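Given next are the chains, with one letter for each unit.
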Amino acid sequence: MPVSRRFGSATLIALTDGEGPFFEPRSTAFPRVTAELWRRADEYDPGTVSADGQWWLRFRCFAIRFDDGRVVMVDAGIGPAEAPARAWAPVPGRLPDELAAAGIDPAEVDTVVLTHLHTDHVGWAVTGGAPHFANARYVVQDAELAAVRAANPELAAYLLDPLAATGQLHVVEGDRQLTPGVRVVATPGHTPGHQSVLLQEGGKRVLLTGDLLVHPVQLIDPAQPYAHEVYPETARVSRETLLRDLAARPSAVLATPHLTDPFITLGAPTEPAT
Ligand SMILES: [Zn+2]
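Residues numbered from 1 in each chain as written. Predicted model: local features only at pLDDT ≥ 70, side-chain atom pairs only at ≥ 80, totals over all residues. Heavy atoms only, no water.

- Looking at an unreviewed UniProt entry, the protein carries the name MBL fold metallo-hydrolase, with the source organism given as Polymorphospora lycopeni.
- As its UniProt record puts it under Sequence similarities (unreviewed entry), the protein is described as follows: "Belongs to the metallo-beta-lactamase superfamily." (UniProt positions renumbered as here; feature names shortened; annotations may be inferred.)

What follows is the structure, encoded as structure tokens:
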């Protein structure tokens, strides 16, 4: 069964599509991390390093299911065998089985937030040339759309054209309330139009980070750049700002795609998910 947590009238469900090693040495991916910081990160989250010293990452997305029937997806994993992530990620993913185990029919999903359009976050968005979530609006930042259309026409044709053709592409600019309890927050840097999702339910704040941070080194030291950030300085400011705001609240929670535990309570040591 997928791991979940309850917040007010919402259940936040972590859906793991796959896991595997990163395609380059972690010293290349995080060029400024010192030996001491690696030691702290590996102690904090031992699951992110393999026995032979590679970065081992989860590829996870999330579903938010409200008691009134609304279902919001945040990201769409690495995808099936033929998905664009096949170049580097361990496809096929198992999201359909994860959703079934959580009792979610793709047809009942009303909103899919794509935090950004990297291939390990959009894999199941479109399958067989059609939107996988047939009744959902797909929420993408305008800046992200423009960047992908300009830089990656092949991905745009694979992903964005089918969503536009069915009228399911929902383009937003900046912060926006999507539905009661769920807000997108612009967190640019990792990509030009990166966004995170803030769930506010039951007096709690949960930030579904997307790739605002991709590794525990960026949680321990938010100033650490990641080599694949499009605008590292912007990414740093987005990360530091959001983490500082959240840390000022009692027991805010992070939900991350790539760390070992899907949920991290800020200000507390990592705890096993229930
Ligand atoms: Zn990612």
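Quick notes on the pairing of strand β1 (residues 4-7)
Phase 1 of the analysis: Burial along β1 is one-sided: the face carrying R5 and F7 is buried and the face carrying S4 and R6 is not.
Phase 2 of the analysis: Of the pairings in the sheet, the one linking β1 to strand β2 (residues 10-21) comprises four bridges and is antiparallel in character. What sits directly across from F7, in β2, is A10. (Buried < 20%, exposed > 50% of the residue type's maximum accessible area, 1.4 Å probe, protein only. Helix = DSSP H or I, 4+ residues; strand = E, 2+ residues; numbered from the N terminus. Pairing = 2+ DSSP bridges.)

A closer look at the pattern of salt bridges
Phase 1 of the analysis: Per the counting criterion, the structure on display carries eleven salt bridges.
Phase 2 of the analysis: Across the pair R58 and E19 runs a salt bridge, and its minimum N-O distance is 3.7 Å. Remark: E19 occurs in strand β2 and R58 occurs in strand β3 (residues 56-66); sequence separation between them is 39 residues.
Phase 3 of the analysis: Looking at R58, the relative accessible area reads 12%, which means it is buried.
Phase 4 of the analysis: Using a relative accessible area of 36% as the deciding quantity, one classes E19 as partly exposed.
Phase 5 of the analysis: Ionic contacts of the salt-bridge type, sharing partners, join the residues E36, R39 and E43 into one network. (Salt bridge = Lys/Arg side-chain N within 4 Å of Asp/Glu carboxyl O.)

Re helix α2 (residues 35-44)
Phase 1 of the analysis: Among the residues making up α2, those that are buried are L37, W38, A41 and D42. Summarising the axial view, the buried residues of α2 lie within an arc of 135°, below the 170-degree limit, and thus occupy one face. Counted as exposed and oriented over 90 degrees from the buried face of α2: A35 and E43.
Phase 2 of the analysis: Check the buried side of α2 and you find it contacts α1 (26-29) and α6 (217-220). (Arc of directions from axis to C-beta. Contact = heavy atoms within 4.5 Å.)

Looking at the packing of helix α4 (residues 142-151) against helix α5 (residues 153-165)
Phase 1 of the analysis: Relative to each other, α4 and α5 sit at 130°, their axes nearing to 6 Å. The orientation of α4 with respect to α5, classified from their angle, is oblique. Across the interface between the two elements, L145, V148, R149, A150 and A151 of α4 pack against P153, L155, A156, L160 and D161 of α5. (Axes fitted to C-alpha atoms, helices over the stretch in contact; angles between N-to-C directions. Parallel < 35°, antiparallel > 145°, perpendicular 65-115°, else oblique.)

Observations regarding the sheet that holds strand β10 (residues 176-179)
Phase 1 of the analysis: Reading across from one edge, β10-β11-β12-β13-β14-β15 is the order of the six strands in this open sheet, with mixed pairing throughout. Lying at the two open borders of the sheet, with one neighbouring strand each, are β10 and β15 (263-265). Pairwise comparison of adjacent strand axes, ignoring direction, gives a mean angle of 25° for this sheet.
Phase 2 of the analysis: Where β10 and strand β11 (residues 182-186) come together, three bridges link them in antiparallel fashion. In the strand pairing of β11, Q177 is matched with R183.
Phase 3 of the analysis: Along the sheet, helix α7 (residues 232-247) makes contact with β11, β12 (195-201), β13 (204-208) and β14 (253-255), crossing β13 at roughly 160°.

With respect to the UniProt feature "domain: Metallo-beta-lactamase" (unreviewed entry) in the protein
Phase 1 of the analysis: UniProt marks residues 60-258 with the feature "domain: Metallo-beta-lactamase" (unreviewed entry), using the numbering shown here.
Phase 2 of the analysis: End C-alpha atoms of residues 60-258 are separated by 6 Å, and the span's content is 25% helix alongside 26% strand.

Considering the nonpolar core
Phase 1 of the analysis: Ranked by size, the top nonpolar core spans 31 residues in total, and within it L15, M73, F133 and L159 carry the most contacts.
Phase 2 of the analysis: Only β2, β3, β4 (71-74), α3 (95-101), β8 (137-141), α4 and α5 provide two or more residues apiece to this core.
Phase 3 of the analysis: Counting residues per element, this core draws most heavily on α5, at five residues.
Phase 4 of the analysis: In this structure F133 touches M73, L95, L99, P106, V109, V112, W124, A125, Y138 and Q168, once residues within four positions along its chain are discounted.
Phase 5 of the analysis: The next biggest cluster of nonpolar side chains, apart from the first, holds 22 residues, and it includes I64, L199, V253 and A255. (Core = buried A, V, L, I, M, F, W, Y, C linked by side-chain atoms within 4.5 Å.)

Structural notes on the coordination of the zinc ion
Phase 1 of the analysis: Taken together, the protein donors to the zinc ion comprise D120 (OD), H121 (NE2), D211 (OD) and H258 (NE2), at separations of 2.0 to 2.6 Å.
Phase 2 of the analysis: Geometry at the zinc ion is irregular, judged from its four donor atoms and the angles of 90 to 153° they form at the metal.
Phase 3 of the analysis: Binding-site remark: the zinc ion is held by donors from one chain whose sequence spacing is D-H-x89-D-x46-H. Residue D120 is located in the loop between β5 (111-113) and β6 (126-127), and its partner H258 is located in the loop between β14 and β15; the two are separated by 138 residues in the primary sequence.
Phase 4 of the analysis: We classify H258 as buried; its relative accessible area is 3%. (Donors = N, O, S within 2.8 Å, 3.2 Å for Na, K, Ca; no water. Tetrahedral: all angles 85-135°; square planar, octahedral: opposite > 155°, others 65-115°.)

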